[in-house]
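Given next are the chains, with one letter for each unit.
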Amino acid sequence: MDTRKEIKSLVEKAIKKAYGIDFDVQVLRPKEKDRGDFAISAALEISKKINNNPFDIALQIKDEIKSDLFQKIEVVNPGFINFFISPKTIRKEIEGVLKEKDKFGNLIIGKGQNIQIEFVSANPTGPLTVGNGRGGPFGDVLGNVFKKAGYKVEKAYYVNDFGKQILSLGHSILKDEESKYQGEYIDNLNQRIKDKDPYIIGRKGAEIILNEMIKKTIEKLGIKYDEWFFESELHKKGEVDKVIELLNKKGLIYEQDGALWFKSTNFKDERDRVLIKSDGDKTYLAGDIAYHKYKFEKKKFDKVINVFGADHYGDVIGLKAGVEAIGYKDKLDIILLQFVTVMKDGAPVKMSKRLGTAITMDDLLEELSPDVIRFFFLNKAANTHLAFDFNLAKEESEKNPVFYVQYAYARICSILNKSQNFKMPKDFSLLNNKRELDLMKQILKFREIIEDTTKDYQLQRIPQYAIDLATTFHGFYQDCQVLVDDEKLKNQRLALVLITQIALKNVLDLMGISSPEKM
């Protein structure tokens, strides 16, 4: 049973019965625990429509609700309704987790819809920096969340192996006057690639960088892509020319100053965008629109989510306009991840020791486990600048949130290993202690976490759920002795420990983080 959905249904029926109106009720979690388990503000919104006192409306809604789900329902000024779930309801719901095991948290809201998540997609002109790398754990885990919610998910990397940046890479490898990139890897490529044409050299260099650097870093981070798609294929197959012709047929192309322009202002863009420059080179946007035509037309995705770095801010509205122009309005979402600063001893670390360039993901991976990197990268909202605390990430204490969560899991494993032959209880009727009920409530939030994240992409709530679950478990373990003489109580508490293990394992798996049984 989904308690939140049940409350939504009960309240909507009560509003319909009391006032004869259909109303989409939002059920929220109150910030203060003494305000109940769930709360709604529907009465405040309805009062604006029917010109009644919101407090009286809330009382009327409350009177229409008849259910044994609740311990109590209270109305507070100016018209909030707070719901306190009964311990009996909580205990009954927690029993289901034992049956679901690794399927706990699985939802069917996706109903098999196809979603593609494209992330990282850094140019193959150098190693992955921490800025590029932030998108790795984010896109990977967002894909895991959608899978858990019942969607079919493809994880994709778009390889920009065409155009000016490849030519610039070639010049850099040649070390001529047009060099742009530098570092140890460029010196290495200069020794390995023997050619005179800078574009051919750039293509060869990009292939080596992708296969021997980027892909290996991605693998170390524990990420597996379903598709690596090459921009050069779009140009080779004439798909970029086809999409420009399609836009032309729609009357969305014009020529000015020797360049070909897309009328993106027809789609709420602040300016029109160039597709073919005056020198004949096609822009990134032309290739990007063609790539999205392939995503929607050939691969039949119902929704595409692109995870970009904040430096792509200026490209978002143009690409969305292009996607709308080819007939796929509202099917593309773009998430911008803010910048990463690695902090060490209280000061930002700006340069890679080996490369003399921005800090790479490999620099971090040499010092830290993928578990730590993934957790820290996930723990901040996408629109928040990430100050990566290197000293904290290295610390093996409860101050480090990864260590803290994994330690809780290891402690659970230790308890269960000492009690391997405990008898599974028929119910949880003896679990009335506040710590026990708090732990059960925390576990049961997991489904909400999955559902809410598919709607707003706020991934930081997942590591926060893991931290909260570990904290609640530690509180339970401190106040509620598990291995008591009362056999029935002992079995019920051990079963609750087992359920906590299931929930914690599921959330760690979702984040792609290991669950150590010993620490």
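Relevant structure appears above.
Residues numbered from 1 in each chain as written. Predicted model: local features only at pLDDT ≥ 70, side-chain atom pairs only at ≥ 80, totals over all residues. Heavy atoms only, no water.

**Some points on the packing of helix 2 (residues 42-50) against helix 3 (residues 54-64)**
What describes two packed helices is the angle between their axes and the distance between those same axes. Their axes nearest at 8 Å, the elements helix 2 and helix 3 cross at an angle of 115°. Taken together, the axis directions place helix 2 and helix 3 in an arrangement best described as roughly perpendicular. By crossing handedness, the relation of helix 2 to helix 3 is classed as right-handed. The residues of helix 3 that touch helix 2, namely those facing Ala 43, Leu 44, Ile 46, Ser 47 and Ile 50, are Pro 54, Ile 57, Ala 58 and Ile 61. Per-class residue counts for the contact of helix 2 with helix 3 are eight nonpolar, one polar and no charged. (Axes fitted to C-alpha atoms, helices over the stretch in contact; angles between N-to-C directions. Helix = DSSP H or I, 4+ residues; strand = E, 2+ residues; numbered from the N terminus. Parallel < 35°, antiparallel > 145°, perpendicular 65-115°, else oblique. Left-handed = near helix turned anticlockwise from the far one by under 90°. Contact = heavy atoms within 4.5 Å. Nonpolar A, V, L, I, M, F, W, Y, C, P; charged D, E, K, R; others polar.)

**Remarks on the packing of aromatic side chains**
Scanning all chains against the criterion turns up 22 aromatic pairs. Ring plane angle 90° and centroid distance 5.4 Å describe the contact between Tyr 157 and Tyr 225, whose orientation is recorded as edge-to-face. In this pair, Tyr 157 sits in strand 5 (residues 152-159) while Tyr 225 sits in the loop between helix 9 (198-220) and strand 6 (227-230), placing the two residues 68 residues apart along the sequence. Ring centres of Tyr 291 and Tyr 294 lie 6.2 Å apart, and the angle between their planes is 15°; this geometry places the pair in the stacked category. Taken together, the positions of Tyr 291 and Tyr 294, both in helix 12 (residues 284-298) and three residues apart, correspond to about one turn of that helix. (Phe/Tyr/Trp six-rings, centres within 6.5 Å; stacked < 30°, edge-to-face > 60°.)

**Remarks on the environment of Val 141**
Within the secondary structure, Val 141 sits in helix 6 (residues 135-148). Taking the relative accessible area as the measure of exposure, Val 141 reaches 1% and is therefore buried. Each C-alpha atom, one on Val 141 and one on Asp 509, is 9.5 Å from the other, the two residues being 368 residues apart in sequence. Those residues in contact with Val 141 that lie beyond four places of it in its chain are Arg 374, Leu 378, Leu 459, Ile 462, Leu 510 and Met 511. (Buried < 20%, exposed > 50% of the residue type's maximum accessible area, 1.4 Å probe, protein only.)

**Quick look at unusual backbone geometry**
Cis peptide bonds are those with omega within 30 degrees of zero, and the linkage from Asn 77 to Pro 78 qualifies with 0°. In this structure, Pro 78 sits in the loop between strand 2 (70-76) and strand 3 (80-85). We note that Ser 121 has phi near 45°; this positive angle belongs to a residue other than glycine. When you line up the elements, Ser 121 lands in the loop between strand 4 (114-119) and helix 5 (130-133). The backbone of Asp 330 shows a phi angle near 65°, a positive value even though the residue is not glycine.

**Looking at the nonpolar core**
Core analysis: the largest hydrophobic core is formed by 136 residues, its most contacted members being Phe 83 and Ile 443. In terms of residue count, helix 21 (residues 487-510) provides more of this core than any other element does, 13 residues in total. Other than its neighbours up to four places away in sequence, Phe 83 contacts Ile 7, Val 11, Gly 36, Asp 37, Phe 38, Ala 39, Ile 40, Ile 65, Phe 70, Lys 72 and Ile 73. (Core = buried A, V, L, I, M, F, W, Y, C linked by side-chain atoms within 4.5 Å.)

**Things to note about the pairing of strand 4**
Judged by how many residues are buried, strand 4 sits mostly within the fold: five of six residues are covered. Examined bridge by bridge, strand 4 and strand 5 share five bridges and lie parallel to one another. Opposite Glu 118, over in strand 5, you have Ala 156 as the bridge partner. As judged from the five bridges shared by strand 4 and strand 10 (residues 303-309), these two strands associate in the parallel manner. Opposite Ile 117, over in strand 10, you have Ile 305 as the bridge partner. (Pairing = 2+ DSSP bridges.)

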